[in-house]
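Each chain, written out:
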Amino acid sequence: MKKPSSATLRVHVTPTADWKLRSGHPWLFSDSIQKQNREGKAGEFAIIYDRHDNFLGIGLYDPASPLRVRLLHRGKPQVIDDQWWRMHLHEAVSRRNAWFGTDTTGYRCINGENERWPALVLDRYGSTYVLKLYSAIWFLHLQKIVDILRSELHPERLVLRLSRNIQDHARREHSLSDGDVLFGEPVREPVTFLENGLRLEADVIRGQKTGFFLDQRENRKFVGTLARGREVLNCFSFSGGFSLYAARGCASSVTDIDISEHALESSRRNFALNNETPEISQCQHEMIQANTFEWLAKNARKFDLIVLDPPSLAKREDERAGAIAAYEKLAGLGLEHLRPGGILVASSCSAHVNATEFFQAVRKAATECKLRFEELQTTGHEIDHPATFPEGSYLKTISLRLV
Ligand code: SAH
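Draft legend 1. Seen up close, the nonpolar core. If you look at the biggest cluster of nonpolar residues, it comprises 40 residues, and the most contacted ones within it are Trp 85, Leu 122, Leu 131, Leu 133 and Trp 138. Elements that contribute at least two residues to this core include exactly β4 (45–49), β5 (55–61), α2 (82–99), β7 (106–111), β8 (120–125), β9 (128–133), α3 (142–153) and β10 (157–162). Among the elements that take part in this core, α3 stands out by supplying 6 residues, more than any other. With residues up to four places along the chain from it excluded, the contact list for Trp 138 reads Leu 60, Leu 72, Trp 85, Trp 117, Pro 118, Ala 119, Leu 120, Leu 133 and Ile 145.

Draft legend 2. Fine view of the pairing of strand β6 (residues 67–74). Counting buried positions along β6 yields 7 of 8 residues, so the element is predominantly enclosed. Looking at chain direction, strand β2 (residues 27–29) and β6 are connected through 3 bridges and run antiparallel. Its bridge partner lying in β6, Leu 28 is registered against Val 69. Of the strand pairs in this sheet, β5 and β6 are connected by 5 bridges, and their pairing is antiparallel. Its bridge partner lying in β6, Ile 58 is registered against His 73. Hairpin connection of β5 to β6: 5 residues between the antiparallel strands.

Draft legend 3. Representation of the sheet that holds strand β16 (residues 284–289). Pairing within the open sheet is mixed, and its 7 strands lie in the order β16-β15-β14-β17-β18-β20-β19. The open sheet has two edge strands, β16 and β19 (373–379), and neither has a second partner. Taken over all neighbouring pairs, the strand axes of this sheet differ in orientation by 15° on average, direction set aside. Packing against the sheet, helix α6 (residues 241–248) makes contact with β14 (231–235), β15 (253–258) and β17 (303–308), and its axis sits at approximately 180° to β15. Packing against the sheet, helix α10 (residues 320–336) makes contact with β17, β18 (338–348) and β20 (396–402), and its axis sits at approximately 155° to β18.

Draft legend 4. Main features of the packing of aromatic side chains. Considering all chains together, one arrives at 16 aromatic pairs under this definition. For the ring pair Trp 27 and Phe 29, a centre distance of 6.3 Å and an interplane angle of 90° mean the geometry is edge-to-face. Owing to a relative accessible area of 30%, Phe 29 belongs among the partly exposed residues under this scheme. Between Tyr 125 and Phe 193, the ring centres sit 5.1 Å apart and the planes meet at 65°, which makes this aromatic pair edge-to-face. Linking Tyr 125 in strand β8 with Phe 193 in strand β12 (residues 191–195), this pair joins segments that are 68 residues apart in sequence. Joined through ring pairs, the aromatic side chains of Trp 84, Trp 85, Trp 117 and Trp 138 make up one cluster. If you follow Arg 10 out to its NZ or CZ, it ends over the ring of Tyr 49, 4.5 Å from the centre. Here the guanidinium or amino end of Arg 150 rests over the ring plane of Phe 183, the centre of that ring lying 3.9 Å away.

Draft legend 5. Summary view of the site of the ligand. Around the ligand, 15 residues are found, and the nearest of them are Arg 220, Asp 258, Ile 259, Thr 292 and Asp 309. Here Ile 259 contributes a backbone N or O atom positioned 3.1 Å from a nitrogen atom of the ligand. One of the backbone N or O atoms of Thr 292 is found 2.9 Å from a nitrogen atom in the ligand. A class-by-class count of the residues in the shell around the ligand yields 7 nonpolar, 5 polar and 3 charged.

Draft legend 6. View of α6. For α6, the buried fraction is high: 7 of the 8 residues fall into the buried class. Listed as buried for α6 are Gly 241, Phe 242, Ser 243, Leu 244, Tyr 245, Ala 246 and Ala 247. Immediately downstream of α6, the backbone of Cys 250 shows phi near 70°, a positive value.

Draft legend 7. Here's a closer look at the sheet that holds β2. In space, the 6 strands of this open sheet follow the order β2-β6-β5-β4-β1-β3, with mixed pairing throughout. Whereas interior strands pair on both sides, the edge strands pair on one side only; in this sheet they are β2 and β3 (33–36). Pairwise comparison of adjacent strand axes, ignoring direction, gives a mean angle of 35° for this sheet.

Draft legend 8. Main features of the packing of α10 against helix α11 (residues 355–368). It is the contact of α10 with α11, at a shortest axis distance of 8 Å, that shows an interaxial angle of 40°. When the axes of α10 and α11 are compared, the pair comes out oblique. Judged by the sense of rotation from one axis to the other, the crossing of α10 with α11 is right-handed. For the pair α10 and α11, the contacting residues are Arg 320, Ile 324, Tyr 327, Glu 328, Ala 331, Gly 332 and Leu 335 in the first and Glu 357, Phe 358, Ala 361, Val 362, Lys 364, Ala 365, Ala 366 and Glu 368 in the second. Residues that form the contact of α10 with α11 fall into these classes: 9 nonpolar, 1 polar and 5 charged.

Draft legend 9. Spotlight on the pattern of salt bridges. Taken as a whole and assessed by the stated rule, the structure comprises 28 salt bridges. Across the salt bridge formed by Arg 95 and Glu 115, the nearest N and O atoms sit 2.9 Å from each other. Highlighted residues: Arg 95 in helix α2 and Glu 115 in the loop between β7 and β8, separated in sequence by 20 residues. Two residues, Asp 384 and Arg 217, come together in a salt bridge whose shortest N-O distance is 2.7 Å. Placement of the pair is Asp 384 in the loop between β19 and β20 and Arg 217 in helix α5 (residues 217–226), with a sequence separation of 167 residues. For Arg 217, a relative accessible area of 2% gives the class buried. When salt bridges that share partners are traced, they join Asp 18, Arg 22 and Asp 50 into one network.

Conventions and cut-offs
Residues numbered from 1 in each chain as written. Predicted model: local features only at pLDDT ≥ 70, side-chain atom pairs only at ≥ 80, totals over all residues. Heavy atoms only, no water. Core = buried A, V, L, I, M, F, W, Y, C linked by side-chain atoms within 4.5 Å. Buried < 20%, exposed > 50% of the residue type's maximum accessible area, 1.4 Å probe, protein only. Helix = DSSP H or I, 4+ residues; strand = E, 2+ residues; numbered from the N terminus. Contact = heavy atoms within 4.5 Å. Pairing = 2+ DSSP bridges. Axes fitted to C-alpha atoms, helices over the stretch in contact; angles between N-to-C directions. Phe/Tyr/Trp six-rings, centres within 6.5 Å; stacked < 30°, edge-to-face > 60°. Lys NZ or Arg CZ within 6 Å of the ring centre and 35° of its normal. Near = heavy atom within 4 Å. Polar contact = N/O pair within 3.5 Å; in protein donor to acceptor, adjacent residues only side chain to side chain. Nonpolar A, V, L, I, M, F, W, Y, C, P; charged D, E, K, R; others polar. Parallel < 35°, antiparallel > 145°, perpendicular 65-115°, else oblique. Left-handed = near helix turned anticlockwise from the far one by under 90°. Salt bridge = Lys/Arg side-chain N within 4 Å of Asp/Glu carboxyl O.

Structure (C-alpha cells):
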C-alpha cells in the first residue's frame, strides 16, 4: 500500500476501541477517537490507527453521526478500489447462489455491516433489485456501486430506498428520493418473486423495509409444516406471508389480522397470485382490519395455530422494559385463544430486546396462564440475514405447543 498522503483522513482510537475493532466490531464512535489529522466529509475513507500508530482498518467517515466511522476492512493495509468492491459483491452473491434454487428468487444479497457493507442492504425480488441506504456515507460512492451491481448482477431494474433520517439530505444534496428507480423501467405494478415456490408481491417503492419481510422465510416455512387441519390466526399479517404457507400446508382456515388496509389488500392479491395451488384456493381465507391487541382482548374465538409477528415494540433502548412487558402481554393474549394442543409462534424484531429476554417473556406468559407446554423450537436469523455483531441481531422466534 502507498504511504497515505497528508491529505488522507487519519484517526487514532482509544485502547478500548482498538480492542473492539480488532475483535470484529464494525463501528467506531466519535468519543473513541483520540485524535484525527483533520475533519472529514461524509463517505470519505478514514484510515484507523491504534495509539502506537499501527494500522487497524479502513472505514467510511460520517461527520454528522456519533457513529463516526463504519468499518469496511480490518487487518492488513488494503487499497479499497473497484476490484475490492467487486470481489466483496461477488462473494456475497455466490453464497446466495449456493443457498437458493430457482423456486426462491426473493432474498437478501447484502446484509449491511454483517457482510462488510455498513448501512447498506441489497435485496433481490426476481429481476428487480432494491438498494437500501441507512447512512449518508454512501452517496459519495453510489455511482460506482450502481455500476458494479449492474455489471455483476445484470438486474432489469434497480430501486433506491432511503431510511428516513437521510431522505432530506439526499434530496437537498444529491437530488435523490426514496423510491427512485436508478435504472430500468418505472414500477407500474407490484414486483413479483418466488419464495419456496409461492408467488408473492413486493411494494419496492413504498413498502416497509425494501417491500417485503424476507427475514421470516424459514419461520413461514416452519408454520407451513405445522398447519395441516388447523385453524390458523396470523396476527400482524402484513401481506399474508405466514398465511400462504399455512394454506399451502393444508390449514383448514387462515385469518389475517392487520391494522393496515393496504397490508390486507396485498394479502388478498398474494392469495390470488397462488390461486392455481389447490390447497391455497380451497383454504378459507378471512381478513380482519384491527389492532391485534384490542381484537384479541375483545374476542373469544379459538384457533389451533397462532402467529404473532408484531412490528418492533422497542425503537429505543429506554423502551426496552416496556417492550418486554408488551411481548409478555401479547403472548398471554395469544395463548388464551389457543385450543388444547394449539401452537404459538411468536417473533420479536426489536434489536433492543435480546433473545433470552424475549423467550423468557413468552415462557412466563404461558406459565402465568397455567398452561403446560412443550417448546418446539427457537430460531434466530435467516442464512441470508447474518448477524455478526450484537447490534446486528434483532430477530428471534419461539414456538410452543400446548400439551
Ligand atoms: N408477519 C409479516 C410481517 C409483519 S410486519 C410477514 O411475514 O411478512 C408488521 C405488520 O404489523 C405490518 O403490516 C403493520 O401494518 C402491522 N401492525 C402494526 N401495528 C399493528 C397492530 N397494533 N395491530 C395489527 N397490526 C399491526
